[in-house]
Amino acid sequence: MRRRMCALTLSLALASGAQAADKVKVGFISTLSGPSAALGVDIRDGFQLAVKLNGGTLGGLPAEVLVGDDQFKPDLGRQIAEKYVRLDKVDFLTGFVFSNIMLAAVPVAFEARIIYVSPNAAPSPLAGKQCNPYFFVASWPNDAYHEAAGQHATNKGYKSAYLIAPNYQAGKDSLAGFKRYYKGNVVAEVYTQLGQLDYSAELAQVRAAKPDALYIFLPGGMGINFIKQFVAAGLSTDIPLIVPGFGSDQDIIRPVGEAMLGLFDTAHWAIDFDNAANKRFVAAFEKEYKRLPSVFAAQGWDTAMLIDSGVRGVKGKIGDVEALRKALKAGKFESVRGSFKFNRNQFPIQNYYLRVVGKDSQGRLVNKTIGTVFKDHGDAYAQDCLMK
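About the criteria used
- Residues numbered from 1 in each chain as written.
- Predicted model: local features only at pLDDT ≥ 70, side-chain atom pairs only at ≥ 80, totals over all residues.
- Heavy atoms only, no water.
- Core = buried A, V, L, I, M, F, W, Y, C linked by side-chain atoms within 4.5 Å.
- Buried < 20%, exposed > 50% of the residue type's maximum accessible area, 1.4 Å probe, protein only.
- Helix = DSSP H or I, 4+ residues; strand = E, 2+ residues; numbered from the N terminus.
- Contact = heavy atoms within 4.5 Å.
- Pairing = 2+ DSSP bridges.
- Right-handed = clockwise from strand over helix to strand, strands pointing away.
- Salt bridge = Lys/Arg side-chain N within 4 Å of Asp/Glu carboxyl O.
- Expected span 1.5 Å × (residues − 1).
- Polar contact = N/O pair within 3.5 Å; in protein donor to acceptor, adjacent residues only side chain to side chain.
- Axes fitted to C-alpha atoms, helices over the stretch in contact; angles between N-to-C directions.
- Phe/Tyr/Trp six-rings, centres within 6.5 Å; stacked < 30°, edge-to-face > 60°.
- Lys, Arg positive; Asp, Glu negative; His and termini not counted.

A. Representation of the nonpolar core in the model. The biggest cluster of nonpolar side chains holds 101 residues, and the ones touching the most others in it are F92, L93, I115, W269 and F281. Sort the elements by how many residues they give to this core and helix 11 (residues 295–313) lands first, with 10 residues. Those residues in contact with F281, other than ones at most four positions away along the chain, are W269, P293, A297, A298, W301 and V336. Counting 26 residues, the second-largest nonpolar core is a separate cluster that includes Y162, I224, I239 and I252.

B. Up close: the environment of G371. Summarising the element assignment, G371 is placed in strand 14 (residues 365–377). For G371, a relative accessible area of 24% puts it in the partly exposed group. Taking the C-alpha atoms as reference points, G371 and L354, 17 residues apart in sequence, are found 5.2 Å from one another. Ignoring anything within four residues of it in the chain, the contact list for G371 reads Y353 and L354.

C. Representation of the pairing of strand 7 (residues 160–166). With seven of seven residues buried, strand 7 is to be regarded as a mostly interior element. Both faces of strand 7 are covered, namely the face carrying S160, Y162, I164 and P166 and the face carrying A161, L163 and A165. By the bridge criterion, seven bridges tie strand 7 to strand 8 (residues 185–192) in an arrangement that is parallel. Residue pairing across strands places A161 opposite V186, the latter belonging to strand 8. Between strand 7 and its parallel partner strand 8, the chain crosses via helix 6 (residues 169–181), and the hand of that crossover is right-handed. Pairing geometry for strand 7 and strand 9 (residues 213–216), over four bridges, is parallel. Looking at the pairing, I164 lines up with I216 of strand 9.

D. Looking closely at the pattern of salt bridges. Evaluated as defined, the whole model comprises 21 salt bridges. A salt bridge links E322 to R113, with the nearest nitrogen and oxygen atoms 3.7 Å apart. You can see E322 sitting in helix 12 (residues 321–330) and its partner R113 sitting in the loop between helix 4 (99–111) and strand 5 (115–118), a full 209 residues away along the chain. Using a relative accessible area of 38% as the deciding quantity, one classes E322 as partly exposed. Classification of R113 by relative accessible area gives partly exposed; the value is 40%. Between K179 and E189 there is a salt bridge whose closest N-O contact spans 2.7 Å. Taken as a pair, K179 in helix 6 and E189 in strand 8 lie far apart in primary sequence, 10 residues in all. Its relative accessible area of 37% is what places K179 among the partly exposed residues.

E. Quick look at helix 10 (residues 276–289). Its 14 residues give helix 10 an end-to-end C-alpha distance of 20 Å, which sits within 8% of 20 Å, the value for a rise of 1.5 Å per residue. The set of residues buried in helix 10 consists of A277, N278, F281, V282, A284 and F285. Turning to helix 10, the residues buried within the fold contact helix 2 (37–53) and helix 11. Here helix 10 starts with a cap whose side-chain oxygen sits 3.2 Å from the backbone nitrogen of A277, and that cap is N275. Residue K290 follows helix 10 closely and has a positive phi angle near 60°.

F. Here's a closer look at the side chain of D360. Here D360 lies in the loop between strand 13 (348–359) and strand 14. By relative accessible area, D360 is classed as buried at 19%. In terms of polar contacts, D360 uses its side chain to reach the backbone amide nitrogen of R364, at 2.8 Å. Excluding residues within four positions of it along the chain, D360 makes contact with V366 and K368.

G. Looking closely at the sheet that holds strand 4 (residues 92–94). Strands sit in the order 2-3-1-4-5-6 across an open sheet of six strands; the sheet is mixed. In the strand order of this sheet, the two ends are held by strand 2 (57–58) and strand 6 (135–137), each with one partner. Here strand 4 pairs with strand 5 via three bridges, running parallel. In the strand pairing of strand 5, F92 is matched with I115. Relative to the sheet, helix 4 contacts strand 4, strand 5 and strand 6, its axis offset from that of strand 5 by approximately 145°.

H. Up close: the packing of aromatic side chains. Applying the stated criterion to the full structure yields 27 aromatic pairs. Ring geometry for W140 versus F246: centroids 5.7 Å apart, planes at 10°, classification stacked. One end of the pair, W140, is in the loop between strand 6 and helix 5 (144–156); the other, F246, is in the loop between strand 10 (241–244) and helix 9 (250–256), with 106 residues separating them in the sequence. Neither residue differs from the other here; W140 and F246 are each classed as buried. With a centroid separation of 5.3 Å and 65° between ring planes, the pair formed by F333 and F340 is classed as edge-to-face. Exposure remark for F333: the relative accessible area of 12% places this residue in the buried category. The class for F340 is buried, based on a relative accessible area of 12%.

I. Here's a closer look at the side chain of K25. Topologically, K25 is positioned in strand 1 (residues 24–30). Of the side chains with opposite charge, E64 lies nearest to the buried K25, which makes no salt bridge, at 4.2 Å. What K25 contacts, discounting residues up to four positions off in sequence, is E64, L66, D88, K89, V90, D91 and F92.

If you want it as structure tokens, here you go:
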């Protein structure tokens, strides 16, 4: 009888997820090839570096990280997600750069009650009425950098602004965010093809419009090409260009070079943040990869550290998904950005800063923090989220 009772107790414990797992398995899917590969590579490298410096563990459990390349294709991103969830039985999904690819894939995780921790894409639909208990954002709401940029443009007194973004969810979120805090006149709101690399027609239109400021959301190779063409067209001397933080970060600075000097942007993180976690991260990243980290790399690192905190918070009992959710939502990790907490929709509440591209003590082009635009800033959709 006692043997049967012990077996029953063990069975119930296993069923409830009360037993600690022997390892944690993470499915990491990102854009690792093509013109926008630098973004996914930086997220991957930041994530894997955090795991490496944790001794190959997350939350005290040995970590197995499966890495897949979505090749900038929503269908492929979903296929890889289905494999990781259904065949490989991952405990977490993460990694996507682009909202359209992530939105195609995350339903696979949600249906299986697998937590997706976003190191970048955080589209507005998942912040409001469609908020999901299995969706956590370790980066920033899609609108937030752009809201800060709109506020900066207002602070500068720019009377008119010309806006350009690619035609997909994050592009629409970006310009909606800018307009939410910009008090001047929007003279044009132009949506380009996602992945577009030639902007001669758009630049001709900007020249003709003569706005007080130009704001662009063009991540990865799109932004590299636009800024090069903007400078080559001679527009940089006449029209102030404002970009979101990733629009003038290291992945853009490296190929564009000196033309980036003096460019203003808004972000939640910078290399020069004076906190212990950030100093450790920046030094370790440069040592490991022989390059300075971008905001994407910082987000990859923080995503790993958030998962680490969740696994540690349930003492490795990751089968108890509700307890794991609660541990993740506590946000008990040392973020490279400093202060961090979750809103009710599991999107972050955090500060956003004004940065400018300048030179560090070694003569390298870097972003320097010059002010705070928003303090403890949430998002515009949390009140529509009914999640408890």
